[in-house]
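What follows is each chain in one-letter form.
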2 protein chains.
Amino acid sequence: MKVVKFGGSSLASGKQIEKVFQIVTSDSERKIVVVSAPGKRFAGDQKVTDLLIECAERCLLKQNPLEMLAAVIQRYATIAEELNLSSEIITEIQADLEERLNGDRSKPERFIDRVKASGEDNHAKLVAAFFQEKGVEAYYVDPRVAGLVVSDEPGNAQVLPESYERLYSLRERDGLLIFPGFFGYSKEGEVFTFSRSGSDITGSILANGVKADLYENFTDVDAVYSVNPFIVKKPKEIKELTYREMRELSYAGFTVLHDEALVPAFRAGIPVQIKNTNNPSAVGTRIVNERDNTNGPVIGIASAQGFCSIYVSKYLMNREIGFGRKLLSILEEFGLSYEHTPSGIDDISIILRENQFDMEMEGEITRRIKLELHADEVKFEHGLALIMVVGEGMRHNIGTMARASKAMARAIVNIEMINQGSSEVSMMFGVKEVDEKKAVQALYEEFFFPVVTV
Amino acid sequence: MKVVKFGGSSLASGKQIEKVFQIVTSDSERKIVVVSAPGKRFAGDQKVTDLLIECAERCLLKQNPLEMLAAVIQRYATIAEELNLSSEIITEIQADLEERLNGDRSKPERFIDRVKASGEDNHAKLVAAFFQEKGVEAYYVDPRVAGLVVSDEPGNAQVLPESYERLYSLRERDGLLIFPGFFGYSKEGEVFTFSRSGSDITGSILANGVKADLYENFTDVDAVYSVNPFIVKKPKEIKELTYREMRELSYAGFTVLHDEALVPAFRAGIPVQIKNTNNPSAVGTRIVNERDNTNGPVIGIASAQGFCSIYVSKYLMNREIGFGRKLLSILEEFGLSYEHTPSGIDDISIILRENQFDMEMEGEITRRIKLELHADEVKFEHGLALIMVVGEGMRHNIGTMARASKAMARAIVNIEMINQGSSEVSMMFGVKEVDEKKAVQALYEEFFFPVVTV
């Protein structure tokens, strides 16, 4: 049994939904279909979810939402028309939307969540109607009835453990099940949405709940690439990677799939197949618990900008029990989360995401570290990029670091920071942002297209 | 003006003291001579300081100390005889020792400190007597009179800031000043000794106090070597290195000079010259604040065994503000100091010195980390060696990491850990202890004797 999830662009138009129909019905193992709200049809188009959020916000500001509402209805109506569906489904959607917009506004965040979630909920109904129209036994599934119970955190709902047991009974139901993504119901029966990539999360939860053999995630790319295609043209596609590799790559910029969305499937040991709705014959990328090493030490390279470091030096630092802990406590008091802390004997660098603080906080932090920890020097360095070189195969592969650092030396990139612990499946390099591109290109060349060097 | 310090082996016999006399009098800038207690004359010989400690401990246990006392007196008597000194000096030393041993024993640690310090104190008197006998104007200096004031911590006295100003007046005194190393006096006038390398500390304090041009530290090696001679035969001598390089090298095993002893000289910007009493024409090694880069990126390689790592992994660790701080707090509660914390996204390794804990503590730490931090995995790895590759020249030298890691790959050494922060003058590698020797040899070959590779 497979759970199949389609993203917004895969369901943005009648033509796309016909592709979805072909894909789903071509494999009898595809039992549960998770549906997103209609996404963009072309660059500059608006996602239904964004229209719904604007609609809800207008209501809260006591502005007239009718124009936005009409735009939403129009999106569904266009799709229904393209699919030759009766207008009944649109009447139903309109009634549902009006009911939501006229609902209780005393808790604005919950109101927004209810309106937002309609994008998926109504689209699932529409898709189910289409499948039925085509003569397939298919049913819209109400997450409340199915038992997808979540915490009452608007925009950040967490699935509650009892959901899995309840969802298991979906296995017994006849026909194809069309399930709206992005939201669940609290114990009190209220709608709450997941965080970003919400439909991916729903699919992952369902795959776990019904103990699927595979969770297929259809999106608009053929595969996960071994490197950012904006940095290296036509990079190698990854056929198979582990959850852990996926997560390491996601950390620094790979955005095909938000890695946390995979946790429920990961916990149940269910593989995830990334595929392209627009090119379903492409093999795609499979994310698994373990894989054979067939790619050499490195499977992918990812990078991200927007980091900075706080360098703190103090003579005899390493004799001082508690220095590191006190330093981290100060950052914690500023609400800062840090990424890494490479250290020497008398110094330590804290690597953080730059968007967390401003100049004023920077001065205040410097002051406190000097005052409270009697540091000799405190220095901020901005504009750092982190590069992750990832692969299960490098776990005990002698010489991978040599190859990586030599590649960067050839590209005349200075390595500002290296962080490599034991049991790692990745190497992390810090470089200046201006060097990011050439560093990544050099690493790609080294590990994917070996060249003869003098 | 130079402050000159001689170690125990440089003053272990009459013959050695004659060498010292030649060295001191050959340069009129050598004004203050810091003297250690007589050291070993041959392998298996006993140091006077060790005899004195045993002597004091016997007194405290109410055992007869006379035999040990006689052995101490005998050492001085033999030296006096070799130098043709009158027996008067030995009578004086004997009286001093008896007075110390008959002193107040109510505070055992202070009693031991007083007895221990006599080794340097009496030897300074003997050396001064010999210089006078040779017709040189030389005076024993009493640290109390000179104003070397220290904190009242037995075996770990810290110099008090007012000492420096008081010691400055030594500049005005006539003749050569023979100053006993290893101890000072508290404000209450009691003797307290420094920690290990105590005479080095005295020399460093005096150099600062009198604002010397140079602090010469005579020992029994020609120079600081670029690598441990037990690992690489006849390694290159280092002509000049910075304090910081010295400290980085000391951290992992270079023991010619205990780096903390240099702090007072370092603070005053006074260079330190390491020289060999037995080969004074050898240039030796100069330790300075800044140096010209003449050695390529690397100046030295040091390594030390006896480290272990605690590997902690937890899915989504990097989202959790305070995780690292809480982890370090637990270790702090066990009184553990840690060295480094290389980290990945979902894991962190804590590198610690292995001698800090036993199996029981290991189990307890594992239990607490799992319980309090809900870690997925906690794992100890023993038998790690740290290798430091040090050099001011690698600060912005592109390709040094590539050369180092390639050298280790050639030697088929797996790198367990790399820790390199910004503004570093060193690279740190963690390897298994069994790989230490071949890793260091490979690094030495790479940076000191470049070989052509295919």
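Before reading on, note that the structure itself is shown above.
In short, a report on the structure. (Residues numbered from 1 in each chain as written. Chains lettered and ligands numbered in written order. Predicted model: local features only at pLDDT ≥ 70, side-chain atom pairs only at ≥ 80, totals over all residues. Heavy atoms only, no water.)

## Points about the interface of chain A and chain B
Frequently, the measure chosen for interface size is the accessible area removed from exposure when the parts meet. With 63 residues of chain A at the interface, the matching set in chain B holds 63 residues. In this assembly, chain A packs against chain B so that about 5400 Å² is buried in total across both faces, 49% of it on carbon and sulfur atoms. One can count 6 salt bridges joining chain A with chain B. The partner of Asp347(A) in a salt bridge is Arg244(B), and the shortest N-O contact between them spans 2.9 Å. Linking chain A with chain B are 14 residue pairs in polar contact (both at pLDDT 80 or more). Considered class by class, the residues forming the side of chain A that touches chain B number 22 nonpolar, 23 polar and 18 charged. (Contact = heavy atoms within 4.5 Å. Buried area = accessible area lost by both parts, 1.4 Å probe. Salt bridge = Lys/Arg side-chain N within 4 Å of Asp/Glu carboxyl O. Polar contact = N/O pair within 3.5 Å; in protein donor to acceptor, adjacent residues only side chain to side chain. Nonpolar A, V, L, I, M, F, W, Y, C, P; charged D, E, K, R; others polar.)

## Brief notes about the sheet that holds strand S3 (residues 138–140) of chain A
All names here are of chain A. Spatially, S3-S4-S2-S1-S7-S11-S12-S10 is the arrangement adopted by the 8 strands of the open sheet, whose pairing is mixed. For this open sheet the edge positions go to S3 and strand S10 (240–242), each flanked by a neighbour on one side alone. With strand direction ignored, the average angle separating the axes of adjacent strands in the sheet is 20°. Of the pairings in the sheet, the one linking strand S11 (residues 272–276) to strand S12 (residues 285–288) comprises 3 bridges and is antiparallel in character. The partner of Val-272 across the bridge, within S12, is Ile-287. (Pairing = 2+ DSSP bridges. Helix = DSSP H or I, 4+ residues; strand = E, 2+ residues; numbered from the N terminus. Axes fitted to C-alpha atoms, helices over the stretch in contact; angles between N-to-C directions.)

## Side note on the sheet that holds strand S13 (residues 300–313) of chain A
Pairing within the open sheet is antiparallel, and its 12 strands lie in the order S14(A)-S15(A)-S13(A)-S16(A)-S18(A)-S17(A)-S17(B)-S18(B)-S16(B)-S13(B)-S15(B)-S14(B). Every other strand in the sheet has two partners, leaving strand S14 (338–340) of chain A together with strand S14 (338–340) of chain B as the edge strands with one partner each. Shown here is a sheet whose adjacent strand axes are inclined to one another by a mean of 35°, direction ignored. With 3 bridges joining them, strand S17 (residues 417–420) of chain B and strand S18 (residues 426–432) of chain B adopt antiparallel strand pairing. Bridged to Ile418(B) within S18(B) is Phe429(B). Where helix H13 (residues 400–410) of chain A meets the sheet, it contacts strand S17 (417–420) and strand S18 (426–432) of chain A together with S17 of chain B, and its direction lies at approximately 20° from that of S18(A). Contacting S14 of chain A together with strand S13 (300–313), S14 and strand S15 (347–353) of chain B, helix H11 (residues 323–333) of chain B runs over the sheet at an angle of about 25° to S15(B).

## Structural notes on the nonpolar core
In this structure, Phe429(A) and Phe429(B) are the most contacted members of the largest nonpolar core, which totals 54 residues. Broken down by secondary-structure element, the contributors of at least two residues to this core are strand S16 (377–390), H13, S18 and helix H14 (436–448) of chain A together with strand S16 (377–390), helix H13 (400–410), S18 and helix H14 (436–448) of chain B. Residues within four places of Phe429(A) in sequence aside, it is in contact with Ala385(A), Leu386(A), Ile387(A), Val389(A), Met401(A), Ala404(A), Met408(A), Ile415(A), Met417(A) and Ile418(A). (Core = buried A, V, L, I, M, F, W, Y, C linked by side-chain atoms within 4.5 Å. Buried < 20%, exposed > 50% of the residue type's maximum accessible area, 1.4 Å probe, protein only.)

## Quick notes on the pairing of S17(A)
What you see with S17(A) is no split at all: Met417(A) and Asn419(A) on one side and Ile418(A) and Gln420(A) on the other are buried throughout. Note: S17(A) against S17(B), 3 bridges, orientation antiparallel. Each bridged residue has a counterpart across the sheet, and for Ile418(A) the counterpart in S17(B) is Gln420(B).

## Focus on the relation of the copies chain A and chain B
After a rotation of 179° and a shift along the axis of 0.0 Å, chain A superposes on chain B with an RMSD of 0.1 Å. Taken together, the rotation angle and the small translation identify this as a two-fold axis. Both copies present the same face, since 100% of the interface residues in chain A are matched by interface residues at the equivalent positions in chain B. (Least-squares fit on C-alpha atoms with pLDDT ≥ 70 in both.)

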